[in-house]
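Structural features, examined
Each chain is listed here by its residues.
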Amino acid sequence: TLLDFVALAPTHERAAEFLFDAASIKERAGDLDEAIELWERVSAEYPGSGFAYRALFLAGITRYRLADYPAAYDAFQRALSLAGDLEERAAAFLWSGKCQQALGDTVAARATWEQAASLDPTGYYSERARDLLSNLEVFTPPLVYDLSFDPQAERAEAEAWMRTVFSLPAEVDLSNLGELASEPRFRRGNELWQLGLYPEARAEFEDLRQSLQSDPVNSYRLANHLLELGLYRSAILAMRQILTLAGMDDAETMHAPIYFNHVRFGTYFKDLVIELSNLYDFHPLFLFSLIRQESLFEGFVRSSAGARGLMQIMPSTGEEVATHAGWPPDFTPDDLYRPIVSLTLGCKYLDRQRRLMNGDLYAMLAAYNAGPGNALVWKELAPNDSDLFLEVIRFEETRKYIRGIYEIFNIYRNIYDRTP
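What comes next is a walk through the structure.

Parameters at a glance
- In this convention, every chain numbers its residues from 1, walking through the sequence in written order.
- Local features are withheld for residues below a pLDDT of 70 in this predicted model, meaning they are given only at 70 or higher, and side-chain atom pairs are given and counted only at 80 or more; totals for whole chains, interfaces and linings count all residues.
- In computing side-chain values, all of the structure's heavy atoms are included and hydrogens and water are not.
- A run of DSSP states H or I qualifies as a helix once it reaches four residues; a run of E qualifies as a strand once it reaches two. Both are numbered from the N-terminal end.
- Working definition: with a 1.4 Å probe on protein chains only, accessible area under 20% of the residue-type maximum means buried, over 50% means exposed, and in between means partly exposed.
- The contact criterion used throughout is that any non-hydrogen atoms of two residues lie within 4.5 Å.
- The Shrake-Rupley method, run with a 1.4 Å probe sphere, supplies the accessible areas, and residue values consider only the shown protein chains as cover.
- Should a side-chain nitrogen of Lys or Arg be within 4 Å of a carboxyl oxygen of Asp or Glu, the pair is scored as a salt bridge.
- Among buried residues, the Ala, Val, Leu, Ile, Met, Phe, Trp, Tyr and Cys ones that are joined through side-chain atoms within 4.5 Å form a nonpolar core.
- Under the pairing criterion, centres of Phe, Tyr and Trp rings, with the six-membered ring standing for Trp, must be within 6.5 Å; the plane angle then separates stacked pairs below 30 degrees from edge-to-face pairs above 60, leaving the rest tilted.
- Simply put, an axis is a line fit to the C-alpha atoms, just over the touching stretch for a helix, and the angle between two N-to-C directions goes from 0 to 180 degrees.
- Oblique is the label for every angle not falling under 35 degrees (roughly parallel), over 145 degrees (roughly antiparallel), or within 65 to 115 degrees (roughly perpendicular).
- Handedness of a helix crossing follows the sense of rotation of the near helix relative to the far helix, less than a right angle counterclockwise being left-handed and clockwise being right-handed.
- Under the grouping applied here, Gly and all other residues not named as nonpolar or charged are polar, the nonpolar ones being Ala, Val, Leu, Ile, Met, Phe, Trp, Tyr, Cys and Pro and the charged ones Asp, Glu, Lys and Arg.

Secondary structure assignment for the protein yields 22 helices and 0 strands. Each principal axis of the C-alpha atoms in the protein carries an extent, and together these give about 65 × 55 × 50 Å. Burial status across the protein gives 53% buried among its 420 residues. Taking as baseline every contact in the protein between residues at least 6 positions apart, the subset at least 24 positions apart corresponds to 58%. Carbon and sulfur atoms make up 50% of the accessible area of the protein, which amounts to about 18800 Å² in all.

Relative to the helices and strands, Pro420 resides in the segment after helix H22 (396-416). Considering only alpha carbons, one finds Pro420 and Leu86, 334 residues apart in sequence, at a separation of 32 Å.

So, about the pattern of salt bridges. For the coordinates displayed, the defined rule picks out 30 salt bridges. Between Glu17 and Arg14 there is a salt bridge, with its nearest N and O atoms 2.9 Å apart. Since its relative accessible area comes to 38%, Arg14 is described here as partly exposed. Residues joined by salt bridges that share partners form a network here, namely Glu40, Arg63, Asp68, Asp74 and Arg78.

With that settled, the discussion passes to the nonpolar core. Formed by 120 residues in total, the largest nonpolar core has its most connected members in Phe139 and Phe260. In terms of residues, this core owes the most to one element, H22, which gives 10 residues. Excluding residues within four positions of it along the chain, Phe139 makes contact with Phe286, Leu361, Tyr362, Leu365, Ile405, Tyr406 and Phe409. Among the nonpolar cores identified, the runner-up in size contains 17 residues, and Val6, Phe20, Ile36 and Ala59 belong to it.

It is worth spelling out helix H19 (residues 361-370) at this point. Taking burial as the measure, the 10 residues of H19 include 9 buried ones, the bulk of the element. Turning to H19, its buried residues number three or more, namely Leu361, Tyr362, Ala363, Met364, Leu365, Ala366, Ala367, Tyr368 and Ala370. Elements in contact with the buried residues of H19: helix H8 (124-133), helix H16 (284-295), helix H18 (339-356), helix H20 (372-381), helix H21 (386-392) and H22.

Okay, the packing of aromatic side chains next. Each pair of aromatic rings is reported with the distance of its centres and the angle of its planes. By the definition in use, this model includes 32 aromatic pairs. Pairing Trp161 with Phe260 gives two aromatic rings, centres 5.3 Å apart and planes at 65 degrees, and the pair type is edge-to-face. Here Trp161 is found in helix H9 (residues 151-165), whereas its partner Phe260 is found in helix H14 (residues 258-264), with 99 residues between them in sequence. The exposure classification of Trp161 matches that of Phe260, with both residues buried. Seen in terms of ring centroids, Tyr268 and Phe297 are 5.0 Å apart; in terms of plane orientation they differ by 70 degrees. Their pairing is edge-to-face.

Let's shift gears to the side chain of Gln353. Mapped onto the fold, Gln353 is located in helix H18. Leave out the neighbours within four places in its chain, and Gln353 touches Met364, Ala367 and Pro372.

One can find Asn218 in helix H12 (residues 216-229). Overall, Asn218 belongs to the buried group, its relative accessible area being 5%. When neighbours within four sequence positions are excluded, Asn218 is seen to be in contact with Leu177, Glu179, Leu180 and Leu212.

Two elements in contact, helix H2 (residues 15-28) and helix H3 (residues 32-45), have axes separated by 7 Å at closest approach and are oriented at 165 degrees. In terms of orientation, H2 lies roughly antiparallel with respect to H3. Of the two elements, H2 crosses H3, and the hand of that crossing is left-handed. Contact residues: Ala16, Leu19, Phe20, Ala22, Ala23, Ser24, Lys26 and Glu27 in H2; Leu32, Glu34, Ala35, Leu38, Trp39, Arg41, Val42 and Glu45 in H3.

What follows is about the environment of Ala322. Among the structural elements, Ala322 can be located in helix H17 (residues 315-325). Residue Ala322 is classed as buried on the basis of its relative accessible area, which comes to 4%.

Think of two packed helices as two axes; the pair is described by the angle between the axes and how far apart they sit. Between helix H4 (residues 52-65) and helix H6 (residues 86-102), whose axes approach to 11 Å, the crossing angle comes to 20 degrees. In terms of their interaxial angle, H4 and H6 are classed as roughly parallel. Crossing hand, H4 versus H6: left-handed. Two secondary-structure elements touch here, H4 through Tyr53, Phe57, Ile61 and Tyr64 and H6 through Glu88, Ala91, Ala92, Trp95, Lys98, Cys99 and Ala102. Across the contact of H4 with H6, the residue classes tally to 9 nonpolar, no polar and 2 charged.

Okay, structure coming up:
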């Protein structure tokens, strides 16, 4: 039906989309050659459409699956000319390098990965290319890491930096709340928080935070107060808006005073995380990355789909894992808002998916996000290549989910790495 529509109305505004979708249907049916032909038609016939780059990229991935590495390389090189942003360019370079490596040209592959690594620092494909250059498997932790730091000394450094960057007068005191203490939303947020009405308190604080997006001083004061309360998500966002006001993009924020990044990529609930990391053999930095992706360390958060708590566990999943574990007693869905319950059941469930996926961390994360049935299907399409597994995932949300955790993990690794 899609192909008939394109044949009858090739100039329709959705023709490129329908041709792209037809190729996707062919790929899912296992008709890979026909999928390639249709995806390449998208880029040839509709080069200015929003589907042209993605179509060529998927044609390259599909040719790679068929071990037609020269043709795959050509597709990725053509995709470069259609790339709309640095992430797309980095992806095309990474996969061009994968093709060169498969063809036995390691020197060329490394040169191509170096191009990918330099394009989009902190972006998934650049970070993955950097790991390939270092021969690192996915989610390789540092040999030595240290989660301790001196917040008072770091705050002093951060405040001196703020005075310089924002030309603050000497009389501005960053160590107290100042006029923020009398702001009505601030006062209501505190009162609601003390009453245990956490979502209502967050709404007040978030409204206040957003109103301060052009005010680095009060954003900083608010962030520190929220840290003391334990409202980590809003504190993280407030710290980021300060760096935004300083004109920093994602890569540049890594060079900000370390206090900002210790807040933004914090080790919240550290005692629980370390205990569970030892029990289930997950690296703490991996767990911190997962929690940050899932909830931004907000224990009372509830998604639109009903997932709850730090690890964003669905009530049905929580009940099944709790029943199997025999803990906590008399489980109810609201138990998932308790950090110890959410983290424990989340790690138990993760461990189960890891064993089901034979230790494949990408497949484990795909199972956690999209269900084990889907992850097993995708794993059959790319059994021994994590990079390829990511690309054959058919849910865009799940691809972004894994890429996001990988990006966060690399930031955590850079911040806490103490390897000599």
